[in-house]
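Fold and geometry: a report
Each chain, written out:
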Amino acid sequence: MTATRARTATTAPTANAPRTADAPGPAERGPAPAPAGEVSRGGPRPLRAGLIGLGAMGRNHARILASLDGVEFVGAVDPAGDPHGSLHARTGVPVLRDVADLLALGVDYAVVACPTALHEEIGLRLAAHDVCALIEKPLAHSARAARRLVAAFEERGLVAGVGHVERFNPALQQLRSRLEAGELGEVFQVVTRRQGPFPHRIADVGVVKDLATHDIDLTSWITGQAYASLSARTVSKSGRPHEDMVAVVGTLTDGTMVSHLVNWLSPLKERFTAVTGERGCFVADTLTADLTFHANGAQATEWEALRAFRGVAEGDTVRYAFPKREPLLVEHERFRDAVRAGGAPDGDGGIVTAREGLRTVEVSAAVLDAARTTAGARPAPDPAAPVTVPATVLPTGSAPAPAHRAGADTGPAAATATGTGVAEATA
Ligand SMILES: NC(=O)c1ccc[n+]([C@@H]2O[C@H](COP(=O)([O-])OP(=O)(O)OC[C@H]3O[C@@H](n4cnc5c(N)ncnc54)[C@H](O)[C@@H]3O)[C@@H](O)[C@H]2O)c1
């Protein structure tokens, strides 16, 4: 079990809980539900859950909360009302205007699906009221904000999870199990591509925090490795203040190479993860939840032309059959169970903890820093192009050396031709 222990029983803070400016006053506390694990004659009482944000993602959460076993969906909050319509008409669940209205109803946990820029403020408010939270990804808009959230929930022993829903995609769950079982041998590289059209509603963060956090989280999770180093390039073509396209290249702590291509600028929608290793390549498509294995071939071919064209290593291709449950439903079931148990089991049965969500936000901040600061290496000039040797590097009294040799390769002479000095060229 993780260190977190949920105090799900009450909406009032305990005596030793730190009081914050946002700590509840008596009017905001609302009724205290009976302890979540308390068994009545009919079994444990259902957990009381609320939803904050009823937008594109929130309505999916609403659909699941409305029918989740062991959970009573007590209310949803959105200052814009019910933008996609009829939650109350379909389910009888009240649509409230403010988080205080939800807290007044008494909840064990809340799902936070409002814009990312508000996750910190709303999450801190829930923690101050001893309410556990499943916060949509990314955990927060900045690493500082994410750290404050982790501290608030951990100090109070509350369960806090992050909605990195890709972890519950059956294709990635299969992939992770197969990597753990050593089916690929040594892992060389993880490549992800996440492309699609522009989501007009997302305005508060760029594509790195909004989408690439999925790739960062899943890459760490399937490999069990942290990011060791990275570089990145971003562009912004949509006229918004934030980037809408990113390319990341990095390494994990065990040396595995990673790359992520993520954007909001493509009419092609793809959610692609390929892991290449000693024995072949796994490809997971999280749109269709398919996992395919392309094995290295054991058969040598005598057909020379084919060998040159396809390589000698192409073997069998297998697309696996496995049960496909809806990832968002599994995410909710895991979170409900963690709240009920007062903590999340480690490993596959668990949730994405707020601390893991923080790490992902930190990596996404490093991606943006790298994109701002990395100068990058310049490619060596075309060896056939004329080269001007900078006068400042010439040894006194010597004539310019013939820095260019026709047909020179990119060995030491070519490196010298980029201006590293005649002394090297003539050495
Ligand atoms: N896990 C995923 O795959 C996934 C997919 C999409 C979005 N998200 C995340 O979900 C969050 C919401 O994204 P979305 O696409 O639903 O955005 P959205 O703009 O469609 O919806 C946001 C909703 O929040 C409401 N809102 C604004 N202020 C609020 C407040 N103070 N209290 C309560 N509600 C408030 C808005 O009125 C709106 O209805 C974002 O953090 C986003 O990153 C996650």
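Every value quoted in this text rests on a predicted model; they were computed, and no experiment measured them.

Reading guide: rules and limits
- Residues numbered from 1 in each chain as written.
- Predicted model: local features only at pLDDT ≥ 70, side-chain atom pairs only at ≥ 80, totals over all residues.
- Helix = DSSP H or I, 4+ residues; strand = E, 2+ residues; numbered from the N terminus.
- Buried ≥ 20, exposed ≤ 12 C-beta atoms within 10 Å, placed from the backbone.
- Contact = placed C-beta atoms within 7 Å.
- Near = placed C-beta within 6 Å.
- Pairing = 2+ DSSP bridges.
- Axes fitted to C-alpha atoms, helices over the stretch in contact; angles between N-to-C directions.
- Parallel < 35°, antiparallel > 145°, perpendicular 65-115°, else oblique.
- Right-handed = clockwise from strand over helix to strand, strands pointing away.
- Core = buried A, V, L, I, M, F, W, Y, C linked by C-beta atoms within 7 Å.
- pLDDT = per-residue confidence, 0-100.
- Nonpolar A, V, L, I, M, F, W, Y, C, P; charged D, E, K, R; others polar.
- Expected span 1.5 Å × (residues − 1).

**Quick notes on the overall build of the protein chain**
When helices and strands are counted, the protein chain shows 13 helices and 16 strands. Burial status across the protein chain gives 39% buried among its 427 residues. In the protein chain, of all internal contacts separated by at least 6 residues, the share reaching a separation of at least 24 is 69%.

**Here's the deal with the site of the ligand**
The local shell around the ligand holds 23 residues, among which Gly-53, Gly-55, Met-57, Ala-80 and Glu-136 are the closest. A total of three residues in the shell around the ligand trace back to one element, the largest contributor, which is helix 2 (residues 56-65).

**Here we look at the environment of Glu-270**
With respect to the helices and strands, the residue Glu-270 is situated in strand 13 (residues 270-277). Beyond its immediate chain neighbours, meaning those up to four positions away, Glu-270 contacts Arg-193 and Gln-195.

**Examining the sheet that holds strand 13**
The strands making up a sheet associate through backbone hydrogen bonding, with each pair oriented either parallel or antiparallel. Ordered in space as 10-11-12-9-13-14-15-16, the eight strands form an open sheet in which the pairing is mixed. In this open sheet, the two edge strands, each paired with only one partner strand, are strand 10 (227-235) and strand 16 (314-319). Ignoring strand direction, the axes of neighbouring strands in this sheet form an average angle of 10°. Sheet topology note: the strand 11 (residues 245-252)/strand 12 (residues 257-263) ladder contains seven bridges and is antiparallel. Bridging from a neighbouring strand, Gly-250 pairs with Val-258 of strand 12. Packing against the sheet, helix 7 (residues 170-180) makes contact with strand 9 (187-195), strand 13, strand 14 (280-285) and strand 15 (290-296), and its axis sits at approximately 155° to strand 14. Sheet strands touched by helix 11 (residues 354-373): strand 10 and strand 11. Its angle to strand 10, the strand with the most contacts, is close to 55°.

**Remarks on the packing of helix 6 (residues 143-155) against helix 11**
Packed helices, taken two at a time, are described by the angle their axes make and the gap between the axes. Two elements in contact, helix 6 and helix 11, have axes whose closest approach is 9 Å; the angle formed by their N-to-C orientations is 170°. Judged by the angle between their axes, helix 6 and helix 11 are roughly antiparallel. Facing helix 6, whose interface residues are Ala-143, Ala-146, Arg-147, Leu-149, Val-150 and Phe-153, helix 11 presents Ala-354, Arg-355, Gly-357, Leu-358, Val-361, Glu-362 and Ala-365.

**Concerning the pairing of strand 11**
Bridge count between strand 10 and strand 11: eight bridges; the pairing is antiparallel. Each residue of the ladder has a partner; that of Ala-232, found in strand 11, is Val-248. Hairpin geometry of strand 11 and strand 12 is characterised by an intervening segment of four residues between the two adjacent antiparallel strands and by a positive phi of about 95° at Gly-255.

**Focus: the sheet that holds strand 7 (residues 132-136)**
Pairing is parallel in the open sheet, where six strands are placed in the order 5-4-3-6-7-8. Of all strands in the sheet, those with a lone pairing partner are strand 5 (95-96) and strand 8 (160-163), marking the two edges. Where strand 3 (residues 47-52) lies against strand 4 (residues 71-77), six bridges are found, and the strand directions are parallel. Note on strand 4: the bridge partner recorded for Leu-47 is Val-71.

**With respect to the environment of Lys-137**
With respect to the helices and strands, Lys-137 occurs in the loop between strand 7 and helix 6. Judged by C-beta crowding, with 23 C-beta atoms within 10 Å, Lys-137 ranks as buried. In the structure, Lys-137 is positioned 223 residues away from Thr-360 in sequence and 9.6 Å away in space, judged by C-alpha atoms.

**Examining the pairing of strand 3**
Extensive coverage of strand 3 is indicated by the burial of six of its six residues. Neither face of strand 3 is left uncovered, since the one carrying Leu-47, Ala-49 and Leu-51 and the one carrying Arg-48, Gly-50 and Ile-52 both have all their residues buried. The β-α-β motif built from strand 3, the intervening helix 2 and the parallel element strand 4 has right-handed crossover chirality.

**Here we look at the nonpolar core**
One recurring pattern in soluble globular proteins: nonpolar side chains tend to sit buried together. The biggest cluster of nonpolar side chains holds 56 residues, and the ones touching the most others in it are Ala-49, Ile-52, Tyr-109, Ala-110, Ala-133 and Leu-149. With six residues, helix 6 is the largest single contributor of residues to this core. Residues within four places of Ala-110 in sequence aside, it is in contact with Ala-49, Gly-50, Leu-51, Ile-52, Leu-102, Leu-126, Val-131 and Ala-133. By size, the runner-up hydrophobic cluster in this structure holds 33 residues, among which are Val-190, Val-208, Ala-212 and Val-246.

**Points about unusual backbone geometry**
The amide bond that connects Lys-137 to the next residue, Pro-138, takes the cis arrangement and shows omega of -10°. The backbone phi angle of Ala-289 is positive, close to 60°, even though this residue is not glycine. The residue Ala-289 is located in the loop between strand 14 and strand 15 in this model.

**What about the confidence of the model for the protein chain?**
Per-residue confidence for the protein chain gives a mean pLDDT of 82, with 75% of residues at or over 70. In this model residues 1-29 is a low-confidence stretch, pLDDT under 50, and it forms 68 contacts with partners more than four residues away in sequence or in other chains. Of the regions scoring below 50 in pLDDT, residues 392-427 engages in 40 contacts with residues more than four places distant in sequence or in other chains.

**Notes on the packing of helix 5 (residues 119-128) against helix 6**
At a minimum axis distance of 9 Å, the contact between helix 5 and helix 6 shows a crossing angle of 10°. By the angle class used here, helix 5 and helix 6 are roughly parallel. Taking contact as the criterion, the partners of Glu-120, Gly-123, Leu-124 and Ala-127 in helix 5 are, on helix 6, Ala-145, Arg-148, Leu-149, Ala-152 and Phe-153. For the contact of helix 5 with helix 6, the class distribution of residues is six nonpolar, one polar and two charged.

**Some details on the environment of Gly-92**
Structurally, the position occupied by Gly-92 is in the loop between helix 3 (87-91) and strand 5. Judged by local crowding, Gly-92 falls into the exposed class, with 9 C-beta atoms found within 10 Å. In this structure the C-alpha to C-alpha distance between Gly-92 and Phe-73, which are 19 residues apart in sequence, comes to 9.6 Å.

**Structural notes on helix 11**
Note on helix geometry: an α-helix contains 3.6 residues per turn, so any two residues three or four positions apart are oriented the same way. Helix length check: helix 11, at 20 residues, gives a terminal C-alpha distance of 28 Å against a target of 28 Å (1.5 Å per residue), a fit within 8%. Of all the residues in helix 11, the buried ones are Ala-354, Glu-356, Gly-357, Leu-358, Thr-360, Val-361, Val-363, Ser-364, Ala-366, Val-367 and Ala-370. Contact partners of the buried residues in helix 11: helix 6, strand 8, helix 8 (207-223), strand 10 and strand 11.

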